[in-house]
2 protein chains.
Amino acid sequence: MSPADLYLNDVQTPALILDEARMQRNIDRLAEHIGSKGGVLRPHLKTVKSVEIAKRLLINGNGPATVSTLAEAEIFAEAGIRDITYAVGITPQKLDRVAAIRAKGCDLTVILDSPDQANAVVEVSQRLGQKLPALIEIDCDGHRSGVEPSDPTLIEIGTILHEGAELRGILGHAGESYEVYGKEAHAAFAEQERQAATKAASNLVEAGLPCPVVSIGSTPTAHAIENLDGITEVRAGVHTFFDLVQAGIGVCDQDDIALSVLTSVIGHQRDKGWIIIDAGWMALSRDRGTSAQRVDQGYGVVCDESGDVIPDLIVIKANQEHGIIALRPGSDAGLPELPLGTKLRILPNHACATAAQFPAYHVVPTSRDAPLKVWRRFRGW
Amino acid sequence: MSPADLYLNDVQTPALILDEARMQRNIDRLAEHIGSKGGVLRPHLKTVKSVEIAKRLLINGNGPATVSTLAEAEIFAEAGIRDITYAVGITPQKLDRVAAIRAKGCDLTVILDSPDQANAVVEVSQRLGQKLPALIEIDCDGHRSGVEPSDPTLIEIGTILHEGAELRGILGHAGESYEVYGKEAHAAFAEQERQAATKAASNLVEAGLPCPVVSIGSTPTAHAIENLDGITEVRAGVHTFFDLVQAGIGVCDQDDIALSVLTSVIGHQRDKGWIIIDAGWMALSRDRGTSAQRVDQGYGVVCDESGDVIPDLIVIKANQEHGIIALRPGSDAGLPELPLGTKLRILPNHACATAAQFPAYHVVPTSRDAPLKVWRRFRGW
């Protein structure tokens, strides 16, 4: 043991704990599933925001990636990732930054769903003398953005891009699959996502336009999909860590969740059955993604320091730096005695939101007796 | 104009915008109110997490302060603030860090509400040969932590501290005042907070114990309090910026809110009346603090680029990097035409939560034609 070695017991709370073995199991599970169908994964790095984890998540450590901000694109490009899709609709003001990232040798692709955006891409392409590539976002479930596959606007956008920039293909995201439970329902959304994407691709091709990329994906549909006909790549992100929302819709089990918040007991209100901890919403995030699910997990499920779930104990309330732990409503389990200073771990509702509250991961290595690793996380836009 | 000058139009979105004139007005308002009662303010710096803003908020720029994390205490102590209360119940593991901050010349006080914590403070005081000061947290409204003023535990804790460390006094926080509307209701909570605190102080003194500090405060009660008899200091934090939650309970008006998120329109779903922006929950936070108020403001109220509210337009939904703007349910206002690239500003539900999502403030100076200032924000524990 060197003087710098850090163990769980030394970590100041609250802290973000990552179980490396669980993470690797989650990464392998999806890679094997998509690989067994002959598909290509383009993992979304918005969840992890860490170069160390990207190396473990991407094919060969630097394969195709998806990002949600240009800050992610800049940092991952700098780290040697050469094929990135920026999967949030582009606004004209950001195109010069996109071009600057491309000029450094990263094939960064934007997405869009309007002729105005396509014209902006063409304008910048012409001004800079380089054809910027763009995917057309399609709407496969009414979730948020995108043009419908049969909307003539699709061909209009495709034509603008093909003539003045680079029409790279289409992209769909079955965001509504998060709202349904179980593999059968997710498989139905996956097929709907696939059909919408391949229909849009056919429509482009029938109009004499190219469509080399047909990209779909969400964590629930990626794990459920059986048929990848016509699909060139699949995207998913939160599966790297998983969380209570994904467990709540049956995509994973609670013991697949690789991320937790280490916290300390700082007080008790014994008359009320409350245990106060030093993890509030600043650590756990305000995400209440399980609130409308079959089981509302409050601000998170309580585990002991080694990560084993304590039955029926959840965080019922969160202030900025205080969490209140209590038994789940209706529970007949007894409230455990958790004295002052007891360390606990809280499983998060939403891994993307909870991880975003921390500047670093404290990584419990696969060899659990070894010291922790600390991996930096970044943020910003 | 120097090459480095930055104006609102140059800022990449999303970004955190701070209106300096509004902030100064908010700071002055509470300082004048408490000053007119002969009281002393100990502002809470958990909202701002910025040395630049602390200098404007504290008495003489470095007067008494409250913090919510030891990271705040370390950074503000380093910046020359010499009197800090760490207002989250202490856990034994953190006491060495507390002592290290004190050793650098900052009078850092901890709070606690149990004999176990008091014994831990005594143990560290004896081990280090310095009497660590502590305030006893009292419960004035059942909100969260604290001992009740008439609970004999109060005297037990006080005795332990007085004999083996330093009993600095008591601290109360009327957290439930956020749940009621209007100055009259807040004044009632303020009086309840004052009575609980002075009762606890009297009980300590009657038991032969010292109680030099009697500290109360929350943003609603601090603005409503009329009688400070027996109170030595008042705490508040979110009033520096204000937010929709505070406007929703009548502590401020919407045009007092000094903080907003600058965002760009990135798409439209015209059939649904949706405008898509590049500020999702990563920028706005997941806080939905107005959801149970008289008017639910969704994920925030939409303003134009200069900060004027657009009638009935709110952020109805937020994904990680996407927000969906629509008219408030039941509105008969027309949906404005906001073309691709239009800049908007979103007023936040909860300033503490939204500010925490950003690494810096972009400050619109009091002289609005001057370039923006950029003030760093920190985070972590």
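Quantities reported herein were computed from a predicted structural model and do not represent experimental measurements.

Basis of the calculations
- Residues numbered from 1 in each chain as written.
- Chains lettered and ligands numbered in written order.
- Predicted model: local features only at pLDDT ≥ 70, side-chain atom pairs only at ≥ 80, totals over all residues.
- Heavy atoms only, no water.
- Helix = DSSP H or I, 4+ residues; strand = E, 2+ residues; numbered from the N terminus.
- Buried < 20%, exposed > 50% of the residue type's maximum accessible area, 1.4 Å probe, protein only.
- Contact = heavy atoms within 4.5 Å.
- Polar contact = N/O pair within 3.5 Å; in protein donor to acceptor, adjacent residues only side chain to side chain.
- Least-squares fit on C-alpha atoms with pLDDT ≥ 70 in both.
- Core = buried A, V, L, I, M, F, W, Y, C linked by side-chain atoms within 4.5 Å.
- Pairing = 2+ DSSP bridges.
- Axes fitted to C-alpha atoms, helices over the stretch in contact; angles between N-to-C directions.
- Buried area = accessible area lost by both parts, 1.4 Å probe.
- Salt bridge = Lys/Arg side-chain N within 4 Å of Asp/Glu carboxyl O.
- UniProt positions renumbered as here; feature names shortened; annotations may be inferred.
- Domains from an automatic or database assignment.
- Nonpolar A, V, L, I, M, F, W, Y, C, P; charged D, E, K, R; others polar.
- Parallel < 35°, antiparallel > 145°, perpendicular 65-115°, else oblique.
- Left-handed = near helix turned anticlockwise from the far one by under 90°.

**Quick word on the environment of B:Asp278**
Here is step 1 of the chain: Mapped onto the secondary structure, B:Asp278 falls in the loop between β10 (274-277) and α10 (281-284).
Here is step 2 of the chain: With a relative accessible area of 2%, B:Asp278 lands in the buried category.
Here is step 3 of the chain: Filtering out sequence-adjacent residues up to four positions away, B:Asp278 remains in contact with A:Thr91, A:Lys94, B:Thr13, B:Pro14, B:Thr263, B:Ser264, B:Ile266 and B:Glu321.
Here is step 4 of the chain: A distance of 2.6 Å separates a polar atom in the side chain of B:Asp278 from a polar atom in the side chain of A:Lys94.
Here is step 5 of the chain: Of note is the side chain of B:Asp278, whose polar atom sits 2.6 Å from the side chain of B:Thr13.

**Describing the relation of the copies chain B and chain A**
Here is step 1 of the chain: For these two chains of identical sequence, chain B goes onto chain A by a turn of 180 degrees and a shift of 0.0 Å along the axis, with RMSD 0.0 Å. With respect to symmetry, the two chain copies, as superposed, fit the operation of a two-fold axis. Within chain B, the C-alpha atom positioned nearest to the axis of rotation is that of B:Arg286, 2.5 Å from it.
Here is step 2 of the chain: Take the interface residues of chain B: 100% of them recur as interface residues in chain A, which is what a same-surface contact looks like.

**Regarding the nonpolar core**
Here is step 1 of the chain: Formed by 214 residues in total, the largest nonpolar core has its most connected members in A:Leu18, A:Leu161, A:Tyr361, B:Leu18, B:Leu161 and B:Tyr361.
Here is step 2 of the chain: Beyond its immediate stretch of four places on either side in the chain, B:Leu18 contacts B:Met23, B:Ile53, B:Phe241, B:Ala258, B:Leu259, B:Tyr361, B:His362, B:Val363, B:Val364 and B:Trp375.

**With respect to the side chain of B:Thr91**
Here is step 1 of the chain: Among the structural elements, B:Thr91 can be located in the loop between β3 (83-86) and α4 (95-103).
Here is step 2 of the chain: In this structure, B:Thr91 is in contact with A:Ser264, A:Val265, A:Ile266, A:Asp278 and A:Gly341, ignoring residues within four places of it in sequence.

**Here's the deal with the sheet that holds strand β3 (residues 83-86) of chain A**
Residue and element names in this part refer to chain A.
Here is step 1 of the chain: Sheet architecture is open: seven strands sit in the order β2-β3-β4-β5-β6-β7-β8, paired in parallel fashion. The strands lining the two open edges of the sheet, one partner per strand, are β2 (65-67) and β8 (233-234).
Here is step 2 of the chain: Where helix α4 (residues 95-103) meets the sheet, it contacts β4 (107-112) and β5 (133-138), and its direction lies at approximately 155 degrees from that of β4.

**Digging into the interface of chain B and chain A**
Here is step 1 of the chain: Taken residue by residue, the interface counts 60 residues in chain B and 60 residues in chain A.
Here is step 2 of the chain: Overall, the association of chain B and chain A removes approximately 5100 Å² of surface from exposure, summing both partners, and the carbon and sulfur fraction of that is 49%.
Here is step 3 of the chain: Looking only at chain B, the three residues that lose the most surface to chain A are B:Arg144, B:Arg379 and B:Trp381, adding up to 17% of its buried area.
Here is step 4 of the chain: The salt bridge involving A:Glu176 is made with B:Lys317; its shortest N-O contact spans 3.8 Å.
Here is step 5 of the chain: The biggest single contributor to the side of chain B that touches chain A is strand β9 (residues 259-269) of chain B, with four residues.

**Regarding the UniProt feature "domain: D-serine dehydratase-like" (unreviewed entry) in chain A**
Here is step 1 of the chain: Using the residue numbers shown here, the UniProt feature "domain: D-serine dehydratase-like" (unreviewed entry) corresponds to residues 258-365 of chain A.
Here is step 2 of the chain: Secondary structure across residues 258-365 of chain A comprises 8% helix and 41% strand; the distance between its end C-alpha atoms is 11 Å.

**As for the pairing of strand β13 (residues 323-327) of chain A**
All names here are of chain A.
Here is step 1 of the chain: Here β13 lies mainly inside the structure; four of its five residues are buried.
Here is step 2 of the chain: Alignment of strand β10 (residues 274-277) against β13, held across three bridges, turns out to be antiparallel. Pairing of Ile-277 across the sheet is with Gly-323, part of β13.
Here is step 3 of the chain: As defined by bridge partners, strand β12 (residues 309-318) adjoins β13 across five bridges and the pair is classed as antiparallel. In the strand pairing of β13, Ala-318 is matched with Gly-323.
Here is step 4 of the chain: Hairpin connection, β12 to β13: the antiparallel pair is bridged by four residues.

**Overview of the domain arrangement of chain A**
Accessible area lost when the parts come together is the quantity often used to give the size of an interface.
Residues and elements named next belong to chain A.
Here is step 1 of the chain: The assigned domain composition of chain A is domain 1 (42-235) and domain 2 (254-376).
Here is step 2 of the chain: If you average the C-alpha positions of domain 1 and of domain 2, the two centres end up 35 Å apart.
Here is step 3 of the chain: Looking at the side of domain 1 facing domain 2, the largest losses of area belong to Thr-47, Ile-53 and Tyr-181, adding up to 48% of the total buried there.
Here is step 4 of the chain: For the interface between domain 1 and domain 2, the tally reads zero salt bridges.
Here is step 5 of the chain: At the surface where domain 1 touches domain 2, the tally comes to one residue pair in polar contact (both at pLDDT 80 or more).
Here is step 6 of the chain: Here the side of domain 1 that touches domain 2 is built from residues that sort into three nonpolar, two polar and four charged.

**Side note on the packing of helix α6 (residues 152-164) of chain A against helix α7 (residues 183-206) of chain A**
Residues and elements named next belong to chain A.
Here is step 1 of the chain: Interaxial distance between α6 and α7 falls to 10 Å at its minimum, and their mutual angle equals 60 degrees. Accordingly, the angle class assigned to the pair α6 and α7 is oblique. In the packing of α6 onto α7, the handedness of the crossing is right-handed. Of α7, the residues touching α6 (which contributes Leu-154, Ile-155 and Gly-158) are Ala-200, Asn-203 and Leu-204.
Here is step 2 of the chain: Taken together, the residues of the contact of α6 with α7 sort by class into four nonpolar, two polar and no charged.

**Regarding helix α3 (residues 70-78) of chain A**
Residue and element names in this part refer to chain A.
Here is step 1 of the chain: Of the positions making up α3, those classed as buried are Leu-70, Ala-71, Glu-72, Ala-73, Phe-76 and Ala-77.
Here is step 2 of the chain: Buried residues belonging to α3 abut α2 (51-57), β2, β3, α4 and β4.
Here is step 3 of the chain: At the exit of α3 stands Gly-80, carrying a positive phi of roughly 100 degrees.

**Notes on the side chain of A:Gln269**
Here is step 1 of the chain: Assignment of secondary structure puts A:Gln269 in strand β9 (residues 259-269).
Here is step 2 of the chain: The exposure class assigned to A:Gln269 is buried, which follows from its relative accessible area of 12%.
Here is step 3 of the chain: Within the structure, the side chain of A:Gln269 is placed 3.0 Å from the backbone oxygen of B:Arg144, a separation counted as a polar contact.
Here is step 4 of the chain: A distance of 3.0 Å separates a polar atom in the side chain of A:Gln269 from the backbone oxygen of B:Gly146.
Here is step 5 of the chain: Leave out the neighbours within four places in its chain, and A:Gln269 touches A:Trp274, A:Ile276, B:Asp139, B:Arg144, B:Ser145 and B:Gly146.

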